[in-house]
Every structure is written in C-alpha cells, then in structure tokens.
Amino acid sequence: MKLILLGAPGAGKGTQAEVISEHLSIPTISTGNIIRAALKAQTEMGIKAKEFIDKGLLVPDDVVIGIVKERLKEDDCKNGFILDGFPRTVPQAQALDEMGVEIDKVIDIQVPDEKIVQRLSGRRVCGGCGASYHLLYKKPEKDGVCNLCGAQLVQRVDDKEETILERLKIYHEQTEPLVEFYKAKNKLTVVEGQEEVADTTALTLKALED
Ligand code: AMP
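Just so it is clear, the structure is predicted and the values come from calculations on it, not from any experiment.

Draft legend 1. Inspection of the packing of helix 2 (residues 31–40) against helix 3 (residues 44–55) at higher detail. Viewed as axis vectors pointing N to C, helix 2 and helix 3 meet at an angle of 115°, and their least axial separation amounts to 7 Å. In this structure, helix 2 crosses over helix 3, and the sense of that crossing is left-handed. Taking contact as the criterion, the partners of Ile35, Ala38 and Leu39 in helix 2 are, on helix 3, Met45, Gly46, Ile47, Ala49, Lys50 and Ile53. Here the residues of the contact of helix 2 with helix 3 are counted per class, giving seven nonpolar, one polar and one charged.

Below, the structure written as structure tokens:
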C-alpha cells in the first residue's frame, strides 16, 4: 500500500505512521526526519535547509522532491510506503504524479489549531534517537531523559510558540489545498484526531480498511 499522511504539523502524523508501518510492514518516509538527519550530519543540503526549518518555513520544493525521488528508489519501498510530511505543496504532489507513483490512499488527520499549539509547545524530542515525548501526554519515565536511549530530551527550535504559529499559517496556505487535490482524485479519507492517541490509531487503522 502506498499511503500519504496529511495534516497540520503536530496533528500526530508521525505517531500514526509508526503504527501503520508496523501493521503493514512498510517503511515510513518522513521528509522532516531526513532533513533533520542531514542537518545533524552537516551535509550541504542540511546546512541550507536549517535557515528554513528554524523559521518554520518550508524547504524549497526542488530540494524535498529530490530527497523523495531518491528515497523511493530504495529496495524497501517495493511493497509500499507511508509518506509522512510529503507532499506539503501542490507542486510536490504534482511531482509525485510525474514520478509515476500511484498513491492508494491519503489519510488527512484533522486537529484544530488551538490543540496543535498546545501539543507542539509541549513536545520534546530525544537529541539522540529522535523519539518523541510530551510534557503532559507522553512523559518520559525520568524527566528530560529518553526512555529508549538515555539521551537528553530537547525542544525542537521550530516548536517554539511563534514558530508554531508561522508553521500553521504556512500549512493553511500551502498544504491544505492538497485536501481538495486528493479529494478530486477520490483518494482522501479524513480522520478526526482524538484526545487519546489510541483512539486516533483505531480510527486510522479503520480508515486503511475502508
Ligand atoms: P516535520 O518534521 O514534518 O514537521 O518537518 C520539519 C520541517 O522540515 C518543516 O517545517 C519544513 O521546514 C521541513 N520540511 C519537511 N517536509 C517538507 C516538505 N515536504 N516540504 C518542505 N519542507 C519540508
């Protein structure tokens, strides 16, 4: 199955992607994670992307399209994949079509803006392995420390409140038009993000079967 997870930053795409990935044994391709890894490794692309990410802006289309094009050539994508955080603009979606990728389903996880701000400002990520936590909803066993690898938890620069508001504005302007784009192709299923992650997961798994 070839899936796209659509939704605002912080809607829970990453968490749902993890569940689906395990459920269907297909990889998740998260452009955000790929870009952050490039940043950590100080590659040329990573260094260029930093100025956009830190301000909450989108990295230019040609850069992300190039990343996805290369990643989809890898062997583990043969039986399907989940795109998490791509496409984020209409030109990116068109590029996917031009690559000949036949998407089976687009799941749009909808969460109101106020909730997004609350969620993202409380998010903390592991500086070592990238695992995600929340100050209220998903506390680590030991304050400020990753359960999985023991590294320190940090706040993403783009999870500061003013940057979150900028990311939401960009989401509404540039990414939300994809809802109509995929609705017109009859690919869209909406999942209402719930208070409890497990409830959203149940709806997501049901959406896969519909
Ligand atoms: P994410 O982890 O998906 O929230 O992505 C973090 C940041 O990476 C975004 O705010 C963008 O700056 C950049 N990014 C990730 N995916 C894309 C994309 N498809 N198009 C443009 N920029 C992206």
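Draft legend 2. Local environment of the state of the cysteines. Taken as a whole, this structure holds zero disulfides when the rule is applied. For the unlinked cysteine cysteine 129, the closest cysteine sulfur is that of cysteine 146, found at 3.8 Å. Overall, cysteine 129 belongs to the partly exposed group, its relative accessible area being 44%. Looking at cysteine 149, it has no disulfide partner, and the nearest cysteine sulfur is the one in cysteine 126, 3.4 Å off. Its relative accessible area of 43% is what places cysteine 149 among the partly exposed residues.

Draft legend 3. Spotlight on empty space enclosed by the protein. Summed over the entire model, instances satisfying the criterion amount to one cavity of 30 Å³ or more. If you add up the space inside the largest cavity, you get close to 50 Å³. Every residue along the wall of the largest cavity is listed here: Leu5, Leu6, Gly7, Pro9, Lys13, Gly85, Phe86, Pro87, Arg88, Tyr171 and Thr175. Counting only elements with at least two residues in the lining of the largest cavity, the list comes to strand 1 (2–7) and helix 7 (161–175). For the lining of the largest cavity, the element with the highest residue contribution is strand 1, accounting for three residues. Looking at the lining of the largest cavity residue by residue, the classes come out as six nonpolar, three polar and two charged.

Draft legend 4. Local environment of the pattern of salt bridges. One pass over the structure, following the stated rule, counts 14 salt bridges. The partner of lysine 78 in a salt bridge is aspartate 75, and the shortest N-O contact between them spans 3.3 Å. In terms of burial, lysine 78 and aspartate 75 fall into one category: exposed. Residue arginine 167 pairs with aspartate 158 through a salt bridge whose shortest N-O separation is 3.9 Å. Through salt bridges with shared partners, a single network forms among Arg123, Arg156, Asp158, Asp159 and Arg167.

Draft legend 5. Up close: the site of the ligand. What surrounds the ligand is a group of 16 residues, the closest being Thr31, Arg36, Leu57, Gly85 and Gln92. Between the ligand and threonine 31 there is a distance of 2.7 Å, counted from a nitrogen atom to a side-chain nitrogen or oxygen. The separation between an oxygen atom of the ligand and a polar side-chain atom of arginine 36 is 2.9 Å. Sorting elements by how many residues they give to the shell around the ligand places helix 2 first, with four residues. In terms of residue class, the shell around the ligand is made up of seven nonpolar, four polar and five charged.

Draft legend 6. The environment of serine 25, seen in detail. With respect to the secondary-structure elements, serine 25 resides in the loop between helix 1 (13–24) and strand 2 (28–30). Exposure remark for serine 25: the relative accessible area of 64% places this residue in the exposed category. Each C-alpha atom of the pair serine 25 and lysine 69 lies 21 Å from the other, and the pair is 44 residues apart in sequence.

Draft legend 7. A look at helix 3. Buried within helix 3 are the following residues: Gly46, Ala49 and Ile53. Buried residues of helix 3, viewed axially, fall in a sector of 70°; they line one side. For helix 3, the exposed residues lying more than 90 degrees away from the buried face are Glu44, Lys48 and Lys55. Two residues or fewer past helix 3, glycine 56 is found with a positive phi of approximately 80°.

Quick notes on the rules
Residues numbered from 1 in each chain as written. Predicted model: local features only at pLDDT ≥ 70, side-chain atom pairs only at ≥ 80, totals over all residues. Heavy atoms only, no water. Axes fitted to C-alpha atoms, helices over the stretch in contact; angles between N-to-C directions. Helix = DSSP H or I, 4+ residues; strand = E, 2+ residues; numbered from the N terminus. Left-handed = near helix turned anticlockwise from the far one by under 90°. Contact = heavy atoms within 4.5 Å. Nonpolar A, V, L, I, M, F, W, Y, C, P; charged D, E, K, R; others polar. Disulfide = S-S within 2.5 Å. Buried < 20%, exposed > 50% of the residue type's maximum accessible area, 1.4 Å probe, protein only. 1 Å grid on protein atoms, 1.4 Å probe; cavity = no way out; pocket = protein on both sides within 12 Å on 5 of 7 lines; lining within 4 Å. Points joined across faces, edges and corners; volume = space filled by probe spheres on them. Salt bridge = Lys/Arg side-chain N within 4 Å of Asp/Glu carboxyl O. Near = heavy atom within 4 Å. Polar contact = N/O pair within 3.5 Å; in protein donor to acceptor, adjacent residues only side chain to side chain. Arc of directions from axis to C-beta.

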